[in-house]
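# Geometric and topological summary
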Amino acid sequence: MRSCATYLAGELRPGDQLEVRGPVGGYFVWDVADAASPLLLAAGGSGIVPLRSILRCRSGLNGPAAPARLLYSARCADDVIYRAELDRGQPGLTVTYALTRRTPPGWTGFSGRVDAGLLGRVAWPAAAGPLAFVCGPTSFVEAVAAGLSGLGYPQDRVKTERYGGPGGR
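Keep in mind it's a predicted model, so treat the numbers as computed, not measured.

## Regarding the overall build of the protein chain
- Summing up its helical and strand segments, the protein chain has 5 helices and 7 strands in all.
- Along the chain direction, N to C, the helices and strands of the protein chain fall in the order α-β-β-α-β-α-β-β-α-β-α-β.
- Here the protein chain holds 169 residues, and 36% of them are scored as buried.
- Sequence-distant contacts, at least 24 apart, represent 72% of the contacts inside the protein chain between residues at least 6 apart.
- As displayed, the protein chain offers around 9,800 Å² of accessible surface, 53% of which is attributable to carbon and sulfur atoms.

## Some points on the pattern of salt bridges
- Tallied over the full model, the rule gives 5 salt bridges.
- Among the ionic pairs, Arg 83 bridges to Asp 87, the shortest N-O distance being 2.9 Å. Of this pair, Arg 83 and Asp 87 both sit in helix α3 (residues 83-88), separated by 4 residues, roughly a single helical turn.
- The class of Asp 87 is partly exposed, set by a relative accessible area of 47%.
- The closest approach of N and O atoms between Arg 162 and Glu 142, which form a salt bridge, is 3.5 Å. With a gap of 20 residues between them, Arg 162 in strand β7 (residues 158-163) and Glu 142 in helix α5 (residues 138-150) connect regions that are remote in the sequence.
- For Arg 162, a relative accessible area of 17% corresponds to the buried category.
- According to the relative accessible area criterion, Glu 142 is partly exposed, its value standing at 46%.
- A network of salt bridges, in which partner residues are shared, links Arg 52, Arg 56 and Glu 85.

## Points about the packing of aromatic side chains
- Within the structure shown, the criterion is met by 1 aromatic pair.
- Judged by centre distance (6.2 Å) and plane angle (45 degrees), the rings of Tyr 72 and Tyr 97 are tilted. With Tyr 72 in strand β3 (residues 68-74) and Tyr 97 in strand β4 (residues 93-99), this residue pair connects regions lying 25 residues apart in the sequence.
- By relative accessible area, which is 0% here, Tyr 72 ends up buried.
- Overall, the relative accessible area of 9% leaves Tyr 97 in the buried class.
- Above the ring of Tyr 82, the side-chain terminus of Arg 52 is found at 3.8 Å from the ring centroid.
- The ring of Trp 124 carries Arg 69 above its face, with NZ or CZ at 3.5 Å from the centroid.

## Examining helix α2 (residues 48-59)
- For α2, built from 12 residues, the straight-helix expectation of 16 Å at 1.5 Å per residue is met to within 8% by its first-to-last C-alpha distance of 16 Å.
- Within the span of α2, buried status applies to Ile 48, Leu 51, Arg 52, Ile 54, Leu 55 and Arg 58. All buried residues of α2 project into a common sector of 160 degrees when viewed along the axis, lining one side.
- Where α2 is buried, its residues touch β2 (39-44), β3, α3, β4 and β6 (131-137).

## Digging into unusual backbone geometry
- In this structure, Tyr 82 is a non-glycine residue whose phi angle is positive, near 65 degrees.
- Examined against the element boundaries, Tyr 82 turns out to sit in the loop between β3 and α3.

Cut-off values and rules
Residues numbered from 1 in each chain as written. Predicted model: local features only at pLDDT ≥ 70, side-chain atom pairs only at ≥ 80, totals over all residues. Heavy atoms only, no water. Helix = DSSP H or I, 4+ residues; strand = E, 2+ residues; numbered from the N terminus. Buried < 20%, exposed > 50% of the residue type's maximum accessible area, 1.4 Å probe, protein only. Contact = heavy atoms within 4.5 Å. Areas by Shrake-Rupley, 256 points an atom, 1.4 Å probe, with all protein chains shown as cover. Salt bridge = Lys/Arg side-chain N within 4 Å of Asp/Glu carboxyl O. Phe/Tyr/Trp six-rings, centres within 6.5 Å; stacked < 30°, edge-to-face > 60°. Lys NZ or Arg CZ within 6 Å of the ring centre and 35° of its normal. Expected span 1.5 Å × (residues − 1). Arc of directions from axis to C-beta.

Here it is as structure tokens:
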């Protein structure tokens, strides 16, 4: 299976026409005023990109920030974008990877798709008042948002952004 980036780099020619759509979601901005709330970030594939920006903003704060957890789902370890940066970590951040297709020899992390059981192990308890940001393919975002709702997260505390093919799938 070829990725969109591979296709664009290898097949697209001058004069080809593209249809470009904007992201599908709501207001997806972490404000430093929210730095006192525990932060849950859930990324599916390249959905890590805006979440990395949130983490970089968080790491640049002049004071302490509430703890953060990142749940990053990717097909295989080689598909984890920003892996070196994420593995270096930052104070108060816990990173959890879930690999959905291939795991490297000796892998001790999670494998398979993110589900309610994994969310129950990784997500902050709703009573802690966390703020969640979820970004990735539509199916991933919907599954995570539903799982967080099932854990008691209020809808207004779960911010989503999704991408996909025509129709937002």
